[in-house]
Structures are given as C-alpha cells and as structure tokens.
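Geometric and topological summary
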Amino acid sequence: MYRIVLWATIWLASFGVSLSQTLEIEGGDVFENGNICLDVSVTGFQNVLSMDFQLRWDSTVLDFSSATADETLPGFDDSRISDPTETSPSTPKNILLVSWFDNDLVPRSLSDGQLIFQVCFDAIGPLGSSSTMNLMDLEFFDGDLNPIDFQDRDGIVNISNAAGDNLSFDFPTIAGDSGTVLCVPMTVVNFDTISAFS
C-alpha cells in the first residue's frame, strides 16, 4: 500500500499537478514611519474560473498605501482590488476586497508561486508593534463551478529596527507648495563609533 501511495505521489509530481492549493501573503519587518510592500501569491492555481477573498490588517499599525495587480491572470487588473481609501465612510479602512471572474468563461491556471498582486502599507504603529495580514473568506471555483479548497497562509508585519546591526539613514516623505522651503528630518539607526560620513 505504501508503494502505491508513493508511486501515485511521484506520478502526480511528474506531471506538474499540485497537491495543495494555497493563497499566501508574505510578511516582513519595516521601520517606524516606513513603507513596506508585500507579495500575494498562489500555489495549485489550476482550472480556476473565479476567486474572491479579503485581506485584513490592524489599522492602528498599518495604513493602506497602494495595491498593484500583476496582470498575469487574464482579466485581473487593479480594478479587481478595492481601494479602502475610496470606500464609503461606514466601510472599515483595514479591509481589501479582491474579486475576479473570467469573462470569457475560460478556466485559468498559473504556475506555483505566481504573484497575483502586491500591496503596500505605511507603518503608523509604534516600534515593537505588529500586524497579522489575515487572508479571509476565500472562495475559489473551478471550470465546472465546483468550489476549490484553497488554504490561506497569513503573514506578519513587524515594526522594528529592520536594519539589524547595519547603519541606516531614514528620510520621511513630505509635501509642500512650489516655492516654499521644506525641511526634511533625517534619522539614523546604529550610528555608533562613527568618525565621519559623506
């Protein structure tokens, strides 16, 4: 029995059939008041006709900046990703809605690990805070309109000294009117035993 199962696993792998379906968002470290961009990717995306899901985060730690579709998936572009900054006042600002349906009614397949979109955030929480990036309410359907059991893999974003032991300089983004003088504060991390720099 063991040999049969092992042979079946090898046979499936040899023909490129994925043994699981996952939707994953990466995590990472970001400086306080910095910006971080996270990739959302899929594995086992075979014979898929439609997908819907939500991405939620802690709005006291991260503030939505932008989302950009990869557009490898036909018909999937930025318009398929909601912009929390443009929703009604009653809609929470920490929810990203993603919805796609193939208008040609052609089931689509993507390579394992394929990026589908990238989402960026401004870090507004204090140093040491973190936010789980929750992928929720996953609904995927195949070409026969049967549900596909995609599993979510959530990431975590930490606001920390992302530079580790390296010396780093940080300049925030500021705006001003034409002709005005702007002062840009510069902060440093790990500025130890430095005699000169230029």
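Regarding the sheet that holds strand β7 (residues 114-123)
With mixed pairing, the 5 strands of this open sheet are ordered in space as β5-β7-β3-β1-β10. Strands with a single pairing partner mark the edges of an open sheet, and in this sheet they are β5 (62-69) and β10 (151-153). Ignoring strand direction, the axes of neighbouring strands in this sheet form an average angle of 20°. Of the pairings in the sheet, the one linking β5 to β7 comprises 7 bridges and is antiparallel in character. Looking at β7, one finds that Asp63 is bridged to Asp122.

Remarks on the pattern of salt bridges
The final tally for this structure, using the stated rule, is 2 salt bridges. The closest approach of N and O atoms between Asp102 and Arg108, which form a salt bridge, is 2.7 Å. Residue classification places Asp102 among the buried residues on the basis of a relative accessible area of 2%. Across the pair Arg108 and Asp104 runs a salt bridge whose closest N-O atoms are separated by 3.9 Å. Here the residues in one salt-bridge network are Asp102, Asp104 and Arg108, joined through shared partners.

Brief notes about the pairing of strand β4 (residues 48-56)
β4 sits mainly inside the fold: 7 of its 9 residues count as buried. Relative to strand β8 (residues 130-142), β4 runs antiparallel, the two sharing 7 bridges. Across the sheet, the residue bridging to Met51 is Phe140, located in β8. In this structure, β4 lies alongside strand β6 (residues 95-101), joined through 7 bridges in antiparallel fashion.

Topic: the state of the cysteines
The tally for this structure, following the rule as stated, stands at 1 disulfide. Between the sulfur of Cys37 and that of Cys120 lies a disulfide, 2.1 Å long from S to S. Of note, the bridge from Cys37 to Cys120 carries an S-S torsion of about 105° and is right-handed in sense. Placement of Cys37 in strand β3 (residues 35-43) and of Cys120 in strand β7 is noted, with a sequence separation of 83 residues between them.

Comments concerning the packing of aromatic side chains
Taken as a whole and assessed by the stated rule, the structure comprises 9 aromatic pairs. When the ring of Trp57 is compared with that of Phe64, the centres are 6.4 Å apart and the planes differ by 25°; the resulting orientation is stacked. In terms of burial, Trp57 and Phe64 fall into one category: buried. Aromatic ring contacts, followed pair by pair, group Phe45, Phe53, Trp100, Phe117, Phe140 and Phe150 into a single cluster.

Overview of a nonpolar patch on the surface
Nonpolar side chains collect at one region of the surface, where Met186, Phe191, Ile194 and Phe197 lie side by side and expose about 360 Å² of accessible area between them. Relative to the helices and strands, Met186 is located in the loop between β12 (168-170) and β13 (187-189).

Rules of the game
Numbering of residues begins from 1 in every chain and follows the order in which that chain's sequence is written. Selection of residues for local features in this predicted model requires a pLDDT of at least 70, selection of side-chain atom pairs for listing and counting requires 80 or more, and totals for whole chains, interfaces and linings are taken over all residues. The side-chain numbers reported here are obtained from all heavy atoms of the structure, hydrogens and water having been left aside. By this definition, two strands are paired if DSSP reports at least two bridges between them. Only DSSP runs of H or I with at least four residues qualify as helices, and only runs of E with at least two residues qualify as strands; both kinds are numbered from the N terminus onward. All axes are obtained by fitting lines to C-alpha atoms, using only the stretch in contact for helices, and the reported angles, taken between N-to-C directions, cover 0 to 180 degrees. Any Lys or Arg side-chain nitrogen located within 4 Å of an Asp or Glu carboxyl oxygen qualifies as a salt bridge. To sort residues, take the accessible area from a 1.4 Å probe on protein chains only and compare it with the maximum for the residue type: under 20% means buried, over 50% means exposed, and anything in between is partly exposed. Only a pair of cysteine sulfur atoms within 2.5 Å counts as a disulfide in this structure description. Note on aromatic contacts: the rings of Phe and Tyr and the six-membered ring of Trp form a pair at centre separations within 6.5 Å, being stacked when their planes are under 30 degrees apart, edge-to-face when over 60 apart, and tilted otherwise. A patch is a set of surface residues, each over 30% in relative accessible area and not in a salt bridge, joined within 9 Å for like charges and within 5 Å for the nonpolar side chains Val, Leu, Ile, Met, Phe, Trp and Tyr. Areas reported as accessible are Shrake-Rupley estimates using a 1.4 Å probe. Residue values count occlusion only from the protein chains shown.

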